[in-house]
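Take a look at the letters that make up each chain.
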Amino acid sequence: MALAQEIGVKGADGIRNVAIDYTLKLDADELLGSVQGVSELGGTSDLSFSNSQVNSSAIVVNDRNVPPSHAVQFGVSGGVPDTTYRVKVLVNTDATVPGAQLFDDIIRIKVVD
């Protein structure tokens, strides 16, 4: 499991679109398969997640061009102001030999007024 160093920020009333680049974790010729889950850690259910998916077209993440099937995207809404949440993201790959990888990562999202 990896913890992203970057902390995303969102307003309590807004929706934050999140994109996570997995390019450097993928092996040669490997692509992301499907998002297995996006969930809030820590025993609360203040956040809501929507439209979790692998990118179907090229996108830009942190000023880097990311090809199709190399990033996870989802929306986040809700949250309590002045709270930082940990969000678990599970995504598998299309690898066949020796088998698909499952990436289990945690990102942080801070909710502000």
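Throughout what follows, the structure given in this document is the object of discussion. (Residues numbered from 1 in each chain as written. Predicted model: local features only at pLDDT ≥ 70, side-chain atom pairs only at ≥ 80, totals over all residues. Heavy atoms only, no water.)

1. Quick notes on the side chain of E40
Within the secondary structure, E40 sits in strand β3 (residues 32–41). Here E40 sits buried without a salt bridge, and the closest side chain of opposite charge, R86, lies 9.9 Å off (N-O distance). Of the polar contacts made by the side chain of E40, one reaches the backbone nitrogen of D46; its length is 3.1 Å. If sequence neighbours within four positions are ignored, E40 has contacts with S45, D46, L47, F49, Y85 and R86. (Helix = DSSP H or I, 4+ residues; strand = E, 2+ residues; numbered from the N terminus. Buried < 20%, exposed > 50% of the residue type's maximum accessible area, 1.4 Å probe, protein only. Lys, Arg positive; Asp, Glu negative; His and termini not counted. Salt bridge = Lys/Arg side-chain N within 4 Å of Asp/Glu carboxyl O. Polar contact = N/O pair within 3.5 Å; in protein donor to acceptor, adjacent residues only side chain to side chain. Contact = heavy atoms within 4.5 Å.)

2. Description of unusual backbone geometry
Positioned with a positive phi, N51 is a non-glycine residue whose angle comes to about 55°. In this structure, N51 sits in strand β4 (residues 47–54). Residue D63 is not a glycine yet carries a positive backbone phi of 65°. Here D63 falls in the exposed class, since its relative accessible area comes to 80%.

3. Observations regarding the nonpolar core
Counting 20 residues, the largest nonpolar core has Y22, L32, V72, F74, V87 and V91 as the members making the most contacts within it. Put simply, the parts of the chain that give this core at least two residues each are β2 (15–21), β3, β4, β7 (71–78), β8 (83–93) and β9 (102–112). Excluding residues that lie within four positions of it along the chain, V87 makes contacts with V38, S39, L47, F49, F74, D105, I106, I107 and I109. (Core = buried A, V, L, I, M, F, W, Y, C linked by side-chain atoms within 4.5 Å.)

4. Focus: the sheet that holds β4
Strand order across the open sheet formed by three strands is β2-β7-β4, with antiparallel pairing between neighbours. Taken across any chain shown, the strands that pair with only one partner, and hence form the sheet edges, are β2 and β4. Strand-to-strand, the axes of this sheet are offset by a mean angle of 20°, without reference to chain direction. Judged from the seven bridges that link them, β2 and β7 form a sheet pairing that is antiparallel. From the neighbouring strand, I20 faces β7, where its bridge partner is V72. (Pairing = 2+ DSSP bridges. Axes fitted to C-alpha atoms, helices over the stretch in contact; angles between N-to-C directions.)

5. With respect to the pairing of β8
Looking along a regular strand, one sees side chains alternate from face to face of the sheet. In this structure, β3 lies alongside β8, joined through seven bridges in antiparallel fashion. When the bridges of β8 are listed, G37 appears paired with L90. Direction of pairing for β8 relative to β9: antiparallel, over a ladder of 10 bridges. Looking at β9, one finds that R86 is bridged to R108.

Nothing here speaks to function; it is all geometry.
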